[in-house]
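Summary of structural features
The chain contents come next:
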Amino acid sequence: MSAPTPDPAPSPSPPGRPDRKVLGRLSLPERNFVADALRTETVGGVLLLVAAVTALIWANSPVRESYESVRDFHVGPAALGLDLSVEHWAADGLLAVFFFVAGIELKRELVAGDLKDPRAAALPVVAALCGMAAPALVYTLVGVIGDGSLAGWAVPTATDIAFALAVLAVIGTSLPSALRAFLLTLAVVDDLFAILIIAVFFTDDLDFAALGGAVVGLAVFWLLLRKGVRGWYVYVPLALVVWGLMYNSGIHATVAGVAMGLMLRCTTREDQGEEHSPGEHVEHLVHPLSAGLAVPLFALFSAGVAVSGGALGDVFTRPETLGVVLGLVVGKAVGIFGGTWLAARFTRASLSDDLAWPDVFAVASLAGIGFTVSLLIGELAFVGDPALTDEVKAAVLTGSLIATVLASVLLKVRNAKYRKLWEDEERDEDLSGVPDVYEQDDPGYHLRMAEIYERKAAEHRRLAEVTGGAGVKDDGPA
C-alpha cells in the first residue's frame, strides 16, 4: 500500500483578507453589548423559570381549580373584540412586548451588530435556519410514521434564549463570550422566523379592514419616528391601537410588536452627540418590562399543565408529543451543529483555535430549550383540541428538560477549559477597565505593564536586601 498523499499546504490569505475564524473573539464594543444583554436575559430567565415551576405546582395542587379560574377569567371591551381570557391576554398582549424587544434586537444586529457584515451574518443565519428546519423535519417524520397530526410541525422550531441563559447561570459554566453571543444571535434570528411562521401559517380568516387600519397605523408610527417626534404619550396609545387592529385582523397580534421594533433607528448620529441610538434607549426601558413581567406572566398562565405518570408516558407514545420532544432534543442540536459546520465549510472559515466542534454541539443542544414561543405555537397549532394542547405543552417542558440535562453534561465536561478562556477574557492587570486581550496593540498598555513589573521588581530587591544578611539557622543534629 502506498503512503498517503499529504494534504497540500493551505495557501496564504490575500493581503488585507485575514483568515476568518468561526466563533472568534468579539470586538470590544460587541463584547460589552453582549455582556449587558446577557445579564438582563439571565435575570429574566430566572424569573421565567420561577414562573414555570409555580404554574406547574399550582396546576397540580389541590387548589388547581383556582388556577383554571384565574387563567380562564375573561376581561376586556367586547365591543372592540377584546373580551379575552387572562391566558389569551398573556399570549397575545404581553408577548407583543417580548416581540417588540426582539424586533429592536434584530434591527440592531442588522445595522450595527454581527449581522451587518453579510459574511459574518451567514453563519448564525444558516445555523438558525437549519436549527428550525431540522426539528420541523423530525416532527414531520415522526408524525408520518406514527400516523399523527402534522399541525404541530412548528412547535419544536423555537429557542428560548432567556431560559437557556438561566440554565447557564444555574449550572455556573464560564461559557466564553463568543459562544454566548452565538447563542444570543441564534435566538434573535430564531425569533424573527418564528414570528414569520406564526403570521404565515397560523392566520385563518383575514379582516382586511382591520388589517388595512393596522398597516396605516404602522405607517404613521414610522412617519413619526422619521420626523423625530418624541414622547411616550404619542407612541404608546398609537401602539395599542395598532395592536388592537392587528389582533382583529386575524393575524397574530405579536406581529405588530416585532414590526414596530424593526422600525426604530438603531444607529447613533455623532453629529447630534448621541451616545445611544433611540432603539437602544427604548430597548433599555422596555426590556425589563418584557423579561421581568410579560414573559414570566405568559409562562405562569401557559405552563400550568396537569402532570402525572400516565401523562408523561403519553408524551413518549403519541406521535405529536414524541415529535416535539425529538424535535427539540435531536432536531435542534443536529440542525444547528450541521448548519454551523456547513457555513464554515463553504465560506472557508476555520473554527477558533480556543474551541472545538464539541463545544458547538453543546451550545446547539442548549438551543433545544424551547419554551415561550414553543408554548405559544403549541396553543395555536391545536387550538381546537384542549387535551392535545396540554399534552403538547407537557412535551415542550419534557423536551426542554432533556435538552437542559444533555447540554449541562456536555458543557460541564469542558468547564475547566471554558473557565480558563473566561479568565483570559476578563483579565485586566493594568486596571485600565479594558481586558488585556484587547490592548495587545496599544503601546500605552505595555508601558503600564512595564511600570507595574518594575515596581514589583523593586519590591523584591528591597526584600532581598532585608533578608540577605540573615543566616539560615541550622536546628539539625550535630
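Source: prediction; values computed, not measured.

Right, let's talk about the overall build of the protein chain for a bit. Scanning the protein chain from N- to C-terminus turns up 17 helices and four strands. Sorting the 478 residues of the protein chain into buried and exposed places 46% on the buried side. Summed over its atoms, the accessible surface of the protein chain is roughly 23900 Å², and 65% of this surface lies on carbon and sulfur atoms.

It is worth spelling out the pattern of salt bridges at this point. Within this structure, the stated rule accounts for 11 salt bridges. Of the charged contacts in the structure, one is a salt bridge between R71 and D72, with a shortest N-O distance of 3.3 Å. For D72, a relative accessible area of 39% corresponds to the partly exposed category. Between E87 and R71 there is a salt bridge; the shortest N-O distance is 4.0 Å. Pair noted here: E87 is in helix 3 (residues 86-111) and R71 is in helix 2 (residues 64-72), with a separation of 16 residues, a long-range link. Salt bridges linked by common partners bring R71, D72, E87, E379 and K393 together as one network.

Attention shifts here to the environment of F99. Within the fold, F99 resides in helix 3. With relative accessibility at 0%, the residue F99 sits in the buried group. C-alpha of F99 to C-alpha of D191: the two residues are 92 residues apart in sequence and 7.8 Å apart in space. Beyond its immediate sequence surroundings of up to four residues, F99 is in contact with D191, I195, T254, G257, V258, V373 and L376.

To continue, consider the environment of D205. One can find D205 in the loop between helix 6 (177-201) and helix 7 (208-226). The exposure class assigned to D205 is exposed, which follows from its relative accessible area of 66%. For the pair formed by D205 and S249, sequence separation is 44 residues and the distance between their alpha carbons is 8.0 Å. Among residues more than four places away in sequence, those in contact with D205 are S249 and G250.

The next subject is the packing of aromatic side chains. Scanning the entire structure with this criterion turns up nine aromatic pairs. A centroid spacing of 5.1 Å and a plane angle of 85° characterise the contact between W153 and F201, whose relative ring orientation is edge-to-face. Placement of W153 in the loop between helix 4 (118-145) and helix 5 (161-171) and of F201 in helix 6 is noted, with a sequence separation of 48 residues between them. Judged by its relative accessible area of 51%, F201 falls in the exposed class. Between F337 and F361 the ring centres are 5.7 Å apart and the planes differ by 75°, which places this aromatic pair in the edge-to-face class. You can see F337 sitting in helix 12 (residues 319-346) and its partner F361 sitting in helix 13 (residues 357-366), a full 24 residues away along the chain. For F361, a relative accessible area of 29% puts it in the partly exposed group.

Here the largest pocket is characterised by a volume of approximately 1200 Å³. Those elements that provide at least two residues to the lining of the largest pocket are helix 3, helix 7, helix 8 (232-249), helix 9 (254-263) and helix 10 (278-302). The greatest single-element share of the lining of the largest pocket, amounting to eight residues, is contributed by helix 10. Classifying every residue of the lining of the largest pocket gives 22 nonpolar, eight polar and five charged.

The first and last C-alpha atoms of helix 8 sit 25 Å apart over 18 residues, in line with the 26 Å expected at 1.5 Å per residue. Next to the buried residues of helix 8 lie strand 3 (84-85), helix 3, helix 7 and helix 9. Positive backbone phi, approximately 105°, marks G250, located one or two places after helix 8.

The interhelical angle for the contact between helix 6 and helix 14 (residues 372-381), taken along N-to-C directions, is 10°, at an axis separation of 11 Å. One element, helix 6, and the other, helix 14, form an angle in the roughly parallel class. Across the interface between the two elements, D191, A194 and I198 from helix 6 touch V373, L376, I377 and L380 from helix 14. The class makeup of the residues in the contact of helix 6 with helix 14 is six nonpolar, no polar and one charged.

Here we come to the side chain of T321. Turning to its location among the elements, T321 is positioned in helix 12. Within the structure, the side chain of T321 is placed 3.1 Å from the backbone oxygen of R318, a separation counted as a polar contact. For T321, the residues in contact, after removing those within four places along its chain, are D314, V315, E391, V392 and A395.

With that settled, consider the nonpolar core. Within the largest apolar cluster, 106 residues are counted, with the highest numbers of intra-cluster contacts made by L183, M260, V324, L366 and F371. Every residue in contact with L366, bar those within four places of it in the chain, is listed here: A164, V167, L168, L183 and A407. By size, the runner-up hydrophobic cluster in this structure holds six residues, among which are L84, A96, W243 and Y247.

How each quantity is defined
Residues numbered from 1 in each chain as written. Predicted model: local features only at pLDDT ≥ 70, side-chain atom pairs only at ≥ 80, totals over all residues. Heavy atoms only, no water. Helix = DSSP H or I, 4+ residues; strand = E, 2+ residues; numbered from the N terminus. Buried < 20%, exposed > 50% of the residue type's maximum accessible area, 1.4 Å probe, protein only. Areas by Shrake-Rupley, 256 points an atom, 1.4 Å probe, with all protein chains shown as cover. Salt bridge = Lys/Arg side-chain N within 4 Å of Asp/Glu carboxyl O. Contact = heavy atoms within 4.5 Å. Phe/Tyr/Trp six-rings, centres within 6.5 Å; stacked < 30°, edge-to-face > 60°. 1 Å grid on protein atoms, 1.4 Å probe; cavity = no way out; pocket = protein on both sides within 12 Å on 5 of 7 lines; lining within 4 Å. Points joined across faces, edges and corners; volume = space filled by probe spheres on them. Nonpolar A, V, L, I, M, F, W, Y, C, P; charged D, E, K, R; others polar. Expected span 1.5 Å × (residues − 1). Axes fitted to C-alpha atoms, helices over the stretch in contact; angles between N-to-C directions. Parallel < 35°, antiparallel > 145°, perpendicular 65-115°, else oblique. Polar contact = N/O pair within 3.5 Å; in protein donor to acceptor, adjacent residues only side chain to side chain. Core = buried A, V, L, I, M, F, W, Y, C linked by side-chain atoms within 4.5 Å.

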